[in-house]
Amino acid sequence: MPPRLDKSKGVADSGKNKHQRPRVVVCQLPQLATCPPPQSQTGGFGFPPPTQISPSYFQHTGGSSFPPPTQTSPSSFQQTGRTPHPPHVPPQDDDQAEDETAEDETADDQLDGSDLRGDDDPSQIHIIDGRFFIRPEGSSFTPSRTAAKVISYIIQQNYKKLIKTFKDVKGDDREHWFTHFQEKCVWEPMKERQIKKNYYGRTARRLSDMLRRVRKRWELHGIRPSWIGEEIFRELL
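Read on for a plain summary of the structure. (Residues numbered from 1 in each chain as written. Predicted model: local features only at pLDDT ≥ 70, side-chain atom pairs only at ≥ 80, totals over all residues. Heavy atoms only, no water.)

Counting secondary structure elements, the protein chain contains eight helices and seven strands. Looking at the protein chain as a whole, 27% of its 237 residues are labelled buried. Of all intrachain contacts in the protein chain linking residues separated by at least 6 positions in sequence, the fraction that spans at least 24 positions is 62%. When the accessible surface of the protein chain is summed, it comes to about 18000 Å², and 52% of that surface belongs to carbon and sulfur atoms. (Helix = DSSP H or I, 4+ residues; strand = E, 2+ residues; numbered from the N terminus. Buried < 20%, exposed > 50% of the residue type's maximum accessible area, 1.4 Å probe, protein only. Contact = heavy atoms within 4.5 Å. Areas by Shrake-Rupley, 256 points an atom, 1.4 Å probe, with all protein chains shown as cover.)

In structure tokens:
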């Protein structure tokens, strides 16, 4: 007997195909490996910290680098409650100590020219032919207090007219003041230039300090120093 034809499909339907079950294909998915989450220090579970990457990594790989770290200003420490380190305070230099000591000794009273030894270390004071041997030390001298006392004495001896600052001492008068300084001090000839420069600088400062103290003493006590004449003193005030 010939096989029957399925008119809708045009395929012969045999008895074998009639009783055959359709084939089912089962696809198995690959199993993903699962890792237990890391345990945090507090006993729970959390994510691991991010990996720190240095800026040099990007530079070596050709990428852009990170900007430099931000400089922290002292004010940020105050806002966060931290105590910043105090700034370094330099010790008092010899020039300042020299001026304060000489100011106490020379602004008020007339100095005795026969004793101009200052409050220096005795090992630093050397006298050669009746003059103090000095050396330039920065912008001052060694021994510093002795040199300051000599300069104050010269100011007192030559204050015969109104002088408000050392700029008022000019020409021959300025050379005369330095010659007077040479009569009280001696130094190595090769240091003459530096000695003269330091002398003019120290004299300008000493004169300013002495006149300031004179005005202050007049305001507080009404006392005029004996080394300034009455007429010049009125003009000074």
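Back to the write-up after that little detour.
Take the packing of aromatic side chains next. Going through the model one piece at a time under the given rule, you end up with 12 aromatic pairs. Ring centres of Phe178 and Trp187 lie 5.9 Å apart, and the angle between their planes is 45°; this geometry places the pair in the tilted category. For the residue pair Phe178 and Trp187, the accessibility class agrees, reading buried in each case. Members of the aromatic cluster, connected to one another through ring pairs, are Phe141, Phe166, Trp177, Phe178, Phe181, Trp187, Tyr199 and Tyr200. The residue whose ring lies beneath Lys196 is Phe178, and the NZ or CZ to ring-centre distance is 5.1 Å. (Phe/Tyr/Trp six-rings, centres within 6.5 Å; stacked < 30°, edge-to-face > 60°. Lys NZ or Arg CZ within 6 Å of the ring centre and 35° of its normal.)

Quick look at the sheet that holds strand β4 (residues 131-133) now. Read from one edge of the open sheet, three strands run β3-β4-β7, paired in mixed fashion. Of all strands in the sheet, those with a lone pairing partner are β3 (127-128) and β7 (185-186), marking the two edges. Bridge analysis of β3 against β4 gives two bridges, and the strand direction is antiparallel. In the strand pairing of β4, Ile127 is matched with Phe132. (Pairing = 2+ DSSP bridges.)

This brings us to unusual backbone geometry. The step from Thr142 to Pro143 runs through a cis peptide bond, and the omega angle for that step is 0°. On the secondary structure map, Pro143 appears in the loop between β6 (140-142) and α5 (144-158). Despite not being glycine, Asp129 shows a phi value in the positive range, around 55°. Structurally, the position occupied by Asp129 is in the loop between β3 and β4. Asp129 gets classed as exposed once you look at its relative accessible area, which sits at 74%.

Time to look at empty space enclosed by the protein. Using the criterion set out here, one finds two cavities of 30 Å³ or more in the structure. The computed volume of the second largest cavity comes to approximately 30 Å³. Of the residues in the lining of the second largest cavity, the class split is four nonpolar, no polar and three charged. (1 Å grid on protein atoms, 1.4 Å probe; cavity = no way out; pocket = protein on both sides within 12 Å on 5 of 7 lines; lining within 4 Å. Points joined across faces, edges and corners; volume = space filled by probe spheres on them. Nonpolar A, V, L, I, M, F, W, Y, C, P; charged D, E, K, R; others polar.)

Next up on the list: helix α7 (residues 192-221). Residues that lie three or four places apart on an α-helix share one face, since the helix turns once every 3.6 residues. The first and last C-alpha atoms of α7 sit 42 Å apart over 30 residues, in line with the 44 Å expected at 1.5 Å per residue. Gly222 sits one or two residues past α7 and shows a positive phi near 70°. (Expected span 1.5 Å × (residues − 1).)

Glancing now at the side chain of Lys149. With respect to the helices, strands and loops of the structure, Lys149 is situated in helix α5. We classify Lys149 as buried; its relative accessible area is 14%. Only 3.5 Å separates the side chain of Lys149 from the backbone oxygen of Arg117, close enough to count as a polar contact. (Polar contact = N/O pair within 3.5 Å; in protein donor to acceptor, adjacent residues only side chain to side chain.)

With respect to the helices and strands, Leu237 occurs in the segment after α8 (230-236). Separated by 19 residues in the primary sequence, Leu237 and Trp218 have C-alpha atoms spaced 9.2 Å apart. Every residue in contact with Leu237, bar those within four places of it in the chain, is listed here: Arg215 and Trp218.

Turning to the nonpolar core, a few remarks are in order. Core analysis: the largest hydrophobic core is formed by 33 residues, its most contacted members being Phe141, Tyr159, Trp177, Phe181, Tyr199 and Ile228. Counting residues per element, this core draws most heavily on α7, which supplies seven residues. In contact with Tyr199, other than residues within four places in its own chain, are Phe141, Ile151, Ile154, Trp177, Phe178 and Phe181. (Core = buried A, V, L, I, M, F, W, Y, C linked by side-chain atoms within 4.5 Å.)

Read these as spatial facts, not as claims about activity.
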